[in-house]
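Residue-level listing of the chains:
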Amino acid sequence: MLIALIAKDKDGGLQTRLDNRDAHLTHIKNSGVVMHAGPLLNDGGKMCGSLVILDVEDMAAAENWAANDPYAKAGLFASCELVQWNKVIG
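Predicted model, so just to flag it, every value in this text is computed and none were measured.

S.K.: So, the overall build of the chain: which residues are in play, and what are the values?
M.R.: Summing up its helical and strand segments, the chain has three helices and four strands in all. When the helices and strands of the chain are read in sequence order from the N terminus, they spell out β-α-β-β-α-α-β. Oriented by its inertia axes, the alpha-carbon framework of the chain measures out at about 35 × 25 × 20 Å. Looking at the 90 residues of the chain, the share that counts as buried comes to 29%. Sequence separation of 24 or more characterises 68% of the internal contacts of the chain that already satisfy a separation of 6 or more. Of the roughly 5,500 Å² of accessible surface on the chain, 50% is carried by carbon and sulfur atoms. Averaged over its 8 positive side-chain charges, the chain has a centre that lies 6 Å from the centre of its 11 negative ones.

S.K.: Which residues make up the packing of aromatic side chains, and what values do they have?
M.R.: Evaluated as defined, the whole model comprises one aromatic pair. Ring centres of Tyr71 and Phe77 lie 6.1 Å apart, and the angle between their planes is 90°; on these two criteria the pair is classed as edge-to-face. With respect to class, Tyr71 is no different from Phe77; both count as buried.

S.K.: Describe in detail the nonpolar core, supporting the description with residues and values.
M.R.: Ranked by internal contacts, the top residues of the largest apolar core, which has 13 residues, are Leu5, Leu54 and Trp65. Contributions of two or more residues to this core are made by strand E1 (2-9), strand E3 (47-55) and helix H2 (59-67). Ignoring anything within four residues of it in the chain, the contact list for Leu5 reads Ser50, Leu51, Val52, Trp65, Ala66, Cys80, Glu81 and Leu82.

S.K.: Before we move on, can you summarise the pairing of strand E2 (residues 34-41) with the specific residues and values?
M.R.: In this sheet, E3 lies alongside E2 in antiparallel orientation, the contact comprising seven bridges. By the bridge assignment for E3, Leu41 is matched with Met47. Counting the residues that bridge the hairpin from E2 to E3 gives five residues, and of these Gly45 lies at a positive phi of roughly 80°.

S.K.: Pulling in residues and values, what's your account of the environment of Ser31?
M.R.: With respect to the helices and strands, the residue Ser31 is situated in helix H1 (residues 14-31). For Ser31, a relative accessible area of 27% puts it in the partly exposed group. In the structure, Ser31 is positioned 23 residues away from Leu54 in sequence and 9.8 Å away in space, judged by C-alpha atoms. A distance of 3.1 Å separates the side chain of Ser31 from the backbone oxygen of Ile28, its partner in a polar contact.

Rules used in this analysis
- Residues numbered from 1 in each chain as written.
- Predicted model: local features only at pLDDT ≥ 70, side-chain atom pairs only at ≥ 80, totals over all residues.
- Heavy atoms only, no water.
- Helix = DSSP H or I, 4+ residues; strand = E, 2+ residues; numbered from the N terminus.
- Buried < 20%, exposed > 50% of the residue type's maximum accessible area, 1.4 Å probe, protein only.
- Contact = heavy atoms within 4.5 Å.
- Areas by Shrake-Rupley, 256 points an atom, 1.4 Å probe, with all protein chains shown as cover.
- Lys, Arg positive; Asp, Glu negative; His and termini not counted.
- Charge placed at Lys NZ, Arg CZ, Asp CG, Glu CD.
- Phe/Tyr/Trp six-rings, centres within 6.5 Å; stacked < 30°, edge-to-face > 60°.
- Core = buried A, V, L, I, M, F, W, Y, C linked by side-chain atoms within 4.5 Å.
- Pairing = 2+ DSSP bridges.
- Polar contact = N/O pair within 3.5 Å; in protein donor to acceptor, adjacent residues only side chain to side chain.

Set out below in structure tokens:
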């Protein structure tokens, strides 16, 4: 099951993002379930959120992955949505 995690950072969250980026990237690499990932950018080109495509067994696994993301644990996100996704191109 493919799940899109769409998260938007709290205002002023860039330093929290930078402080936790290495741990976040390690979580992505070590989990074995991330197909695609990258930051969302604001109009100024600064990181302001995340888009992560997970390939997991079920929504509970996606929720567990999201809860254990160092960004989430650091309180970076103002919102985080998990949505089932269907790959069509790419």
